[in-house]
Amino acid sequence: MSGRSAHAKAILGEELYGRLSQTKVLLVGAGGIGCELLKNIVLTGFGDITLLDLDTIDLSNLNRQFLFRKKDIKQSKAMVAAKTASAFNPNVKITPIHANIKEPEYDVAWFRGFDIVLNALDNLDARRHVNKMCMAANVPLVESGTAGYLGQVQPILKDRAECFDCVPKPTPKTFPVCTIRSTPSQPIHCIVWAKSYLMPQLFGEDEDSGSELDEAEKQGENATEIAALRKEALAFKAVRDALRSATADGSSSGAAKMVFNKVFHSDILNLLSMADMWRSRAPPVPLEFDAIRAGTFVLNRPTQNGTSASPAQEQTNGAKGSASTEKMLNGSSSSTAATTSGAGLKDQRALSLQDNLELFVSSTERLAARLRAGEDTISFDKDDDDTLDFVTAAANLRSAAYGIPGKSRWEVKEMAGNIIPAIATTNAIIAGLIVLQAFHLLRHSYSSLRNVHVQFKPSMPLSAIAMCTPNPSCGVCRDTYTEVRCDPARVTLKEVVDGVLGRNADDADERDGPQEVSVYEDKRVLSDPDWDDNDHRTLESLNVTRGRFLSIVDEDGEYATIQVAIGILPPDHPADGSTLILPSPLPTPPRREKPRIATPTPPPPPPVTAGKKRAAPDDDIEEVDAPSAKRARTMGGQTPITPSKKRRLEEDGLIMLDNANETIEEEDPDVIVID
């Protein structure tokens, strides 16, 4: 053996290595894990690779996604990664696709054309979609993910190992609207407000709420509230118009100040007028534009949401700051400022209140200039310096008003961009583990499959766990999958459902399966036993086309759900042929296992002791002296009541008196003296 394949052949063996060149691999994702993984499978000898990714290359990708260079920014990740990795092994065929994996053409039949699927995705929705498609196509999948020093690799095989949805995933963190809009208490609240509320209001689409308010007024809704909302809408419209209109010198001078006074002064004064809101929390402080700029504004706030302000926070939120924030952000501020900030990198330096004001004015004018230059709307992008500066400054100014510690530009970028810390080393480890699990799947060594975790534990950095069996109640892998090929423009919903259930077959009377069913497309109800309005409509008219699933659910719950994948007719299908090709054989959903109801075992009768009190004929309660290791000390012949026991009795509605002389108010109607 010689050449580039010598080591791979020696490690994998002739048989497996020979199969790799014929193995068709789908790699979904060309980001941090995807770049490492593509390099691995190319050098290992996989011969036919399809690489799919929707994203384009950003500047922030370059620190870990080594297949990209600065010249590649804004280009397709899939295209650039395929071109770069092809040079590693000229014998490998890489087919790059710049598209969304959820597009209709990537249906079950398309997935079925691969021998294995490798996931390197970074969002939950796409992962769930690929998981379901692999279950429907019965193609093995290797799922993966990283977060900082942590990582996981999960091989997934239908009917043998649990799928991605067998274990419920935590829902993304959300915040109440009233907290974001009126009562923030954490830096993230202010950042979300600046990114998701203020920026769309100023630089997003112009939502005309006047017609809605007119209609509400006609319906007789609260006139005072409508007037307040109309005043608020007009104030924001005036601010938006000011940002889009230039003065004689071509600038938007004064517009930034108008925005500031609206959101950091007038709106806060409006909130302060609601006295009930601030009974149990510290009220915000209205900010003064001219005073902050002159360096005379002082935040008179001894505490910050119940916590004493530290000297560092006072410095950050104080009025004293650099006169030129741009110089400081570009690293050309004085050495004293650099020393006191404690950060050597420009994005990690703490911004004073005056710095944030200057940054707010500067970024607002830059964004306004872009609107006047022809941009219709501007949305937040963590790699757009103008929008990042605006969100940083606006969030820190709001934090100052509410007594919340400010954040550096780098911290705001992490939080506003929902950036999960990515470490190149973790990505490399996970990519290697993915390939190892892929080898087990290709060898059919299912007993060797492991769910592997990379942990932040020096004593055990890797944790390998044997695969669990599928969750019997999983709503994805426990369904029965089948596929119909049809012309959605000519096939009706009833034809598909009756055909899949075999209602028109010769042995229809002998078939065992659900009788009354409901039909869904995702969360949409299309039909049920009491509503058949859609039965004679075509699939196309119901927006059930290629790549979608029809769910046929047994109303009695006795049989598993049938998931019907919609495919297109074969290219060589005759024009006068059938518009519906049913699967052969037809699906036979298994009966659901009825959950066993555990019958509680009656407790054994308590042992009879000499201290047992003889029960009266009409007594319902039997008192038993519990045996104890030590006899409790008595006080005057009375057994003391411990605080925990007294608390338990009070929770049960009983009041235990401390002594016989203690009395209860007789006029209390909620108390009945029993002894």
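These figures come from a predicted structure and were not determined experimentally.

Teacher, can you tell me more about the packing of helix H11 (residues 255–272) against helix H17 (residues 385–402) here?
Running from N to C, H11 and H17 cross one another at 30°; their axes reach a closest spacing of 11 Å. When the interaxial angle is binned, H11 and H17 end up roughly parallel. In terms of crossing hand, the pair formed by H11 and H17 is right-handed. Only Ala394, Leu397, Arg398, Ala401 and Tyr402 of H17 make contact with H11, whose side of the interface consists of Phe260, Phe264, Ile268 and Leu271.

So what exactly am I meant to see when it comes to the pattern of salt bridges here?
Two side chains of opposite charge can pair, provided their charged atoms sit close to one another. One pass over the full model with this rule turns up 29 salt bridges. The residue arginine 546 makes a salt bridge to aspartate 107 at a minimum N-O spacing of 2.9 Å. You can see arginine 546 sitting in the loop between strand E13 (524–527) and strand E14 (549–554) and its partner aspartate 107 sitting in the loop between strand E3 (93–97) and helix H5 (108–111), a full 439 residues away along the chain. Measuring nitrogen to oxygen at the nearest pair gives 2.7 Å for the salt bridge that ties arginine 366 to aspartate 386.

How do you make sense of the environment of methionine 415 when you look at a structure like this?
Its location among the elements puts methionine 415 in helix H18 (residues 409–416). On the accessibility criterion, methionine 415 (27% relative accessible area) is partly exposed. Separated by 223 residues in the primary sequence, methionine 415 and valine 192 have C-alpha atoms spaced 8.7 Å apart. Those residues in contact with methionine 415, other than ones at most four positions away along the chain, are Ile188, Ile191 and Lys407.

Explain the pairing of E13 here, please?
Remember that side chains alternate between the two faces of the sheet whenever the strand is regular. As paired elements, strand E12 (residues 517–521) and E13 share three bridges and run antiparallel to each other. Across the sheet, the residue bridging to valine 519 is serine 527, located in E13.

Quick question: what am I supposed to make of the packing of aromatic side chains here?
Geometry of an aromatic ring pair is reported as the spacing of the ring centres plus the angle between the planes. Here the structure, examined in full by the defined rule, presents 14 aromatic pairs. Plain terms: the ring middles of phenylalanine 203 and phenylalanine 390 are 5.3 Å apart, the flat faces sit at 85° to each other, and that makes the pair edge-to-face. Here the residue phenylalanine 203 occupies a position in helix H8 (residues 187–203), and phenylalanine 390 occupies one in helix H17, the gap between them amounting to 187 residues. You'll find phenylalanine 203 and phenylalanine 390 in the same group, each marked buried. An angle of 75° between the planes, with centres 5.3 Å apart, marks the rings of phenylalanine 260 and phenylalanine 289 as edge-to-face. Here phenylalanine 260 is found in helix H11, whereas its partner phenylalanine 289 is found in helix H12 (residues 289–294), with 29 residues between them in sequence.

Would you mind showing me how to read the side chain of histidine 189 here?
With respect to the secondary-structure elements, histidine 189 resides in helix H8. For histidine 189, a relative accessible area of 5% gives the class buried. A polar contact is formed between the side chain of histidine 189 and the backbone nitrogen of serine 185, at a distance of 3.0 Å. Discounting residues that sit within four places of it in the chain, histidine 189 has contacts with Phe175, Thr179, Ile180 and Pro184.

About the thresholds
- Residues numbered from 1 in each chain as written.
- Predicted model: local features only at pLDDT ≥ 70, side-chain atom pairs only at ≥ 80, totals over all residues.
- Heavy atoms only, no water.
- Axes fitted to C-alpha atoms, helices over the stretch in contact; angles between N-to-C directions.
- Helix = DSSP H or I, 4+ residues; strand = E, 2+ residues; numbered from the N terminus.
- Parallel < 35°, antiparallel > 145°, perpendicular 65-115°, else oblique.
- Left-handed = near helix turned anticlockwise from the far one by under 90°.
- Contact = heavy atoms within 4.5 Å.
- Salt bridge = Lys/Arg side-chain N within 4 Å of Asp/Glu carboxyl O.
- Buried < 20%, exposed > 50% of the residue type's maximum accessible area, 1.4 Å probe, protein only.
- Pairing = 2+ DSSP bridges.
- Phe/Tyr/Trp six-rings, centres within 6.5 Å; stacked < 30°, edge-to-face > 60°.
- Polar contact = N/O pair within 3.5 Å; in protein donor to acceptor, adjacent residues only side chain to side chain.

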